[in-house]
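# Coordinate inspection notes
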Amino acid sequence: MSGNQAKAAIGNMLKNDGRAEASALLRAKWTGHFDKAIRSGDGLAGIAMPPREPIIGKWFRQGELGFIYGPRGLGKTWLAMFLARKWAEGSSLGGLTEWKVQGVRRVLYVDGEMSIDGIRERDAALSVGPAPGMYYLQHEALFHLTDEVLNLARHG
C-alpha cells in the first residue's frame, strides 16, 4: 500500500468510525518506520544526512528545537517573539555575530497562553517593518473563529 493509499484508508476508517482498524493500520505503519530508523551507534554513522541550514549564527540550525526557561516575568515571551520576528524580517540582532540571522524565513509563532491583545501589542512593538512571513496561531483567535480549543495533544 502506498503512502497516499494508507492516508486515504486511514481517513475513510476514521470517517466511518473505524478507529480500531485505523489504529491497527497506524501501528503497522509506524512499526515499519521504526524498524527502518532504529539503529545502533555504528548504524547511525552510516546514514547520510544533508547538512542543516543555519538560521541564527552557528548555534541554531534548521530542524533544531530549543527551550527558553526562566521565572515568570523575566521576558521569555518577549525574547521568543523577538527572535521569531527577526527571522521573518531577516533583520540583524544587533552587532552580535553569534546571533546573525541567516536570511528571511517563514515563521509560525504558536501561542497558547497570552491574550490576543498582548500578542498584538508585542508584535507591534517588535516590528521594524512588514514581515510577510510572520504568522501567529493564537489560542483566543482560534477559539473565537472556530469554537475549537488549541490542543496539540488531542487525537481526532
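Everything quoted here is computed from the prediction, not taken from an experiment.

Calculation notes
Residues numbered from 1 in each chain as written. Predicted model: local features only at pLDDT ≥ 70, side-chain atom pairs only at ≥ 80, totals over all residues. Heavy atoms only, no water. Helix = DSSP H or I, 4+ residues; strand = E, 2+ residues; numbered from the N terminus. Buried < 20%, exposed > 50% of the residue type's maximum accessible area, 1.4 Å probe, protein only. Contact = heavy atoms within 4.5 Å. Areas by Shrake-Rupley, 256 points an atom, 1.4 Å probe, with all protein chains shown as cover. Core = buried A, V, L, I, M, F, W, Y, C linked by side-chain atoms within 4.5 Å. Polar contact = N/O pair within 3.5 Å; in protein donor to acceptor, adjacent residues only side chain to side chain. Pairing = 2+ DSSP bridges. Right-handed = clockwise from strand over helix to strand, strands pointing away. Lys, Arg positive; Asp, Glu negative; His and termini not counted. Salt bridge = Lys/Arg side-chain N within 4 Å of Asp/Glu carboxyl O. Phe/Tyr/Trp six-rings, centres within 6.5 Å; stacked < 30°, edge-to-face > 60°. Expected span 1.5 Å × (residues − 1).

When you go through the protein chain residue by residue, the secondary structure sums to six helices and four strands. A buried classification covers 24% of the 156 residues belonging to the protein chain. Contacts in the protein chain between residues at least 24 apart in sequence constitute 57% of all its contacts with a sequence separation of at least 6. For the protein chain, the exposed area adds up to about 11700 Å²; of that, 58% sits on carbon and sulfur atoms.

To continue, consider the nonpolar core. Grouped together as the largest cluster of nonpolar side chains are 17 residues, with contacts concentrated most on Ile56, Trp87, Val107, Tyr109 and Met134. Listed by contribution, the elements that provide at least two residues to this core are β1 (54-56), α4 (76-89), β3 (107-111) and α5 (116-126). No other element matches α4, which puts five residues into this core. Beyond its immediate chain neighbours, meaning those up to four positions away, Val107 contacts Ala84, Trp87, Ala88, Gly133, Met134 and Tyr135.

Of the residues flanking the start of helix α6 (residues 139-146), the one acting as N-cap is Gln138, its side-chain oxygen 2.8 Å from the backbone nitrogen of Glu140. The positive-phi residue at the C-terminal boundary of α6 is Asp147, with phi of around 60 degrees.

Of the two faces of β3, only the one carrying Val107, Tyr109 and Asp111 is buried; Leu108 and Val110 on the other face are not. When β3 meets strand β4 (residues 134-138), the two strands line up parallel, connected through five bridges. Considered in β4, the bridge of Val110 is made with Leu137. Since β3 and β4 lie parallel, the crossover through α5 that links them has a hand, and here it is right-handed.

Next up on the list: the side chain of Asp111. For Asp111, the position within the fold is in strand β3. Despite its burial, Asp111 pairs with no opposite charge, the nearest such side chain being Arg122 at 8.2 Å. There is a polar contact of 3.4 Å between the side chain of Asp111 and the backbone nitrogen of Glu113. If near-sequence neighbours (up to four positions away) are discounted, Asp111 is found in contact with Ile119, Leu137, Gln138, His139 and Leu150.

Let us look at the packing of aromatic side chains. Going through the model one piece at a time under the given rule, you end up with five aromatic pairs. Ring centres of Trp30 and Phe34 lie 5.7 Å apart, and the angle between their planes is 45 degrees; this geometry places the pair in the tilted category. Note that Trp30 and Phe34 are positioned in helix α2 (residues 19-37) at a spacing of four residues, about one turn of the helix. Pairing Phe60 with Trp87 gives two aromatic rings, centres 5.3 Å apart and planes at 5 degrees, and the pair type is stacked. In this pair, Phe60 sits in strand β2 (residues 60-61) while Trp87 sits in helix α4, placing the two residues 27 residues apart along the sequence. When sorted by exposure, Phe60 lands in the same class as Trp87, which is buried.

Bringing the side chain of Arg122 into the picture now. As for its placement among the helices and strands, Arg122 is situated in helix α5. It turns out Arg122 is buried and unbridged, and the closest side chain with the opposite charge, Glu121, is 6.6 Å from it. Beyond its immediate chain neighbours, meaning those up to four positions away, Arg122 contacts Thr77, Trp78, Met81 and Met114.

This part is about α4. Taking 1.5 Å of rise per residue, 14 residues should cover 20 Å, and α4 covers 20 Å from first to last C-alpha, within 8% of that figure. Every buried residue of α4 is accounted for by Met81, Leu83, Ala84, Arg85, Lys86, Trp87, Ala88 and Glu89. Elements that come into contact with the buried residues of α4 comprise β1, β2, β3, α5 and β4. Just past α4, the residue Gly90 takes up positive phi, approximately 70 degrees.

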